[in-house]
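Each chain is listed here by its residues.
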Amino acid sequence: MIPCEIMDLKKYYGKQLGVENVSFNIKEGEIIGFIGPNGAGKTTTIKSIVGLLKPTSGSIAMFNEDAVKSGEKVRHELGYSGSEASFFPNLTVLENLKFVADTKGVSYDKINTLATKLELNLTRKAKELSLGNKKKMMIVMALLSSPKLIILDEPTVGLDPLIKQAFFEIIEEEKRRGVAILISSHQLTDIQRLCDRVAIIKNGKIIAIEEMSELKTKRLKFVTIETDYSIPQVTLSGVSNLKTEGKLIKFNYNGDMKKLVKYLNSIDVNNVEITDAGLEEMFLHFYE
């Protein structure tokens, strides 16, 4: 059973496009990263999944049920932490967490365990918390009910490195439990660290869904060609960010290496340098 499947999701705000034809799924025991530039449609997609927005068209299924028509039933198995903290400001952290547990109909058993791991002070009033501590509280809220589907929007913003490591360990434990997890983040190193797949959205549309293992094997290449001759025309597909600097031609390449070698053999060159881009640069390549 697929815990969450989005098919041809479309959301318009009046005539303004939010997202269009967004399709992907989140499998059991999988962490999928959801990345894209600001305004690309990540939050619109997530709010549609969790029921905070009503889609214009398309379908969202959770545990083989229509999440729009049977929202209350299926979202009982959902844990959600939004990009913006939501809480009762004049209540303590513990009182906020107990309220969420009561709403979900679950015990308070996990409150102390998760708060200890994330070094979250339960006695402070929520309105007194720093951004990082608000994020910690929202993460605990999302996990209290031991949900089968977890959706986290920018969960590591404001977390220091030690707490971030504790968060990683918590999420990896949830994955081992068989939970389906979606993480939206601008922290691309976090996506690289945690995720099995990555869905990349731009201008409201999914432009790529990649297995992280495959993404690592087909790294973007940085190519620099030096020539004393006339600047050759670069006719390869998969070329981006092409620049000429005197005798140098520089470009990013995300294509078949055999075709690149064949092209290099067809032109007059003095020297060629080919280096691998890092995964963060690889992600950013999709945004261009």
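The structure we're discussing is the one just above.
Residues numbered from 1 in each chain as written. Predicted model: local features only at pLDDT ≥ 70, side-chain atom pairs only at ≥ 80, totals over all residues. Heavy atoms only, no water.

Caption draft 1: Broad picture of unusual backbone geometry. Here S146, not a glycine, exhibits a phi torsion of approximately 50°, which is positive. Structurally, the position occupied by S146 is in the loop between α5 (131-143) and β7 (149-153). For S146, a relative accessible area of 30% translates into the label partly exposed. With phi around 55°, N241 is a residue other than glycine that occupies positive phi space. With respect to the secondary-structure elements, N241 resides in strand β12 (residues 239-245). (Helix = DSSP H or I, 4+ residues; strand = E, 2+ residues; numbered from the N terminus. Buried < 20%, exposed > 50% of the residue type's maximum accessible area, 1.4 Å probe, protein only.)

Caption draft 2: Just the sheet that holds strand β14 (residues 271-276), in detail. Pairing within the open sheet is antiparallel, and its 4 strands lie in the order β12-β13-β11-β14. Two strands in the sheet have a free side with no partner beyond their single neighbour: β12 and β14. Pairs of neighbouring strands in the sheet enclose a mean axial angle of 15°, with direction left out of account. Both β12 and strand β13 (residues 248-253) contribute to a ladder of 5 bridges, which runs antiparallel. Note that in β13 the partner of K243 across the bridge is K250. (Pairing = 2+ DSSP bridges. Axes fitted to C-alpha atoms, helices over the stretch in contact; angles between N-to-C directions.)

Caption draft 3: The packing of aromatic side chains, seen in detail. What the rule picks out here adds up to 3 aromatic pairs. Where F24 meets F34, the ring centres are 5.4 Å apart and the plane angle is 40°; that geometry is what we call tilted. Of this pair, F24 sits in strand β2 (residues 16-26) while F34 sits in strand β3 (residues 31-35); the two residues are 10 residues apart in sequence, bridging distant segments of the chain. When sorted by exposure, F24 lands in the same class as F34, which is buried. When the ring centre of Y13 is taken as reference, the NZ or CZ atom of K11 above it lies at 5.6 Å. (Phe/Tyr/Trp six-rings, centres within 6.5 Å; stacked < 30°, edge-to-face > 60°. Lys NZ or Arg CZ within 6 Å of the ring centre and 35° of its normal.)

Caption draft 4: Up close: the pattern of salt bridges. Per the counting criterion, the structure on display carries 12 salt bridges. A salt bridge links E174 to K110; the shortest N-O distance between them is 3.9 Å. Of this pair, E174 sits in helix α6 (residues 161-176) while K110 sits in helix α4 (residues 109-117); the two residues are 64 residues apart in sequence, bridging distant segments of the chain. Under the relative-accessibility criterion, K110 is labelled partly exposed at 22%. The salt bridge involving K164 is made with D190; its shortest N-O contact spans 3.6 Å. Here the residue K164 occupies a position in helix α6, and D190 occupies one in helix α7 (residues 188-194), the gap between them amounting to 26 residues. Residues joined in a network through salt bridges with shared partners are K10, E20 and K205. (Salt bridge = Lys/Arg side-chain N within 4 Å of Asp/Glu carboxyl O.)

Caption draft 5: Region of interest: the pairing of β2. Relative to β2, strand β1 (residues 4-13) runs antiparallel, the two sharing 7 bridges. Bridge assignment links I6 to a residue of β2, and that residue is F24. With antiparallel pairing between neighbouring strands as the criterion, β1 and β2 make up a hairpin whose turn holds 2 residues, including G14 at a positive phi of roughly 65°.

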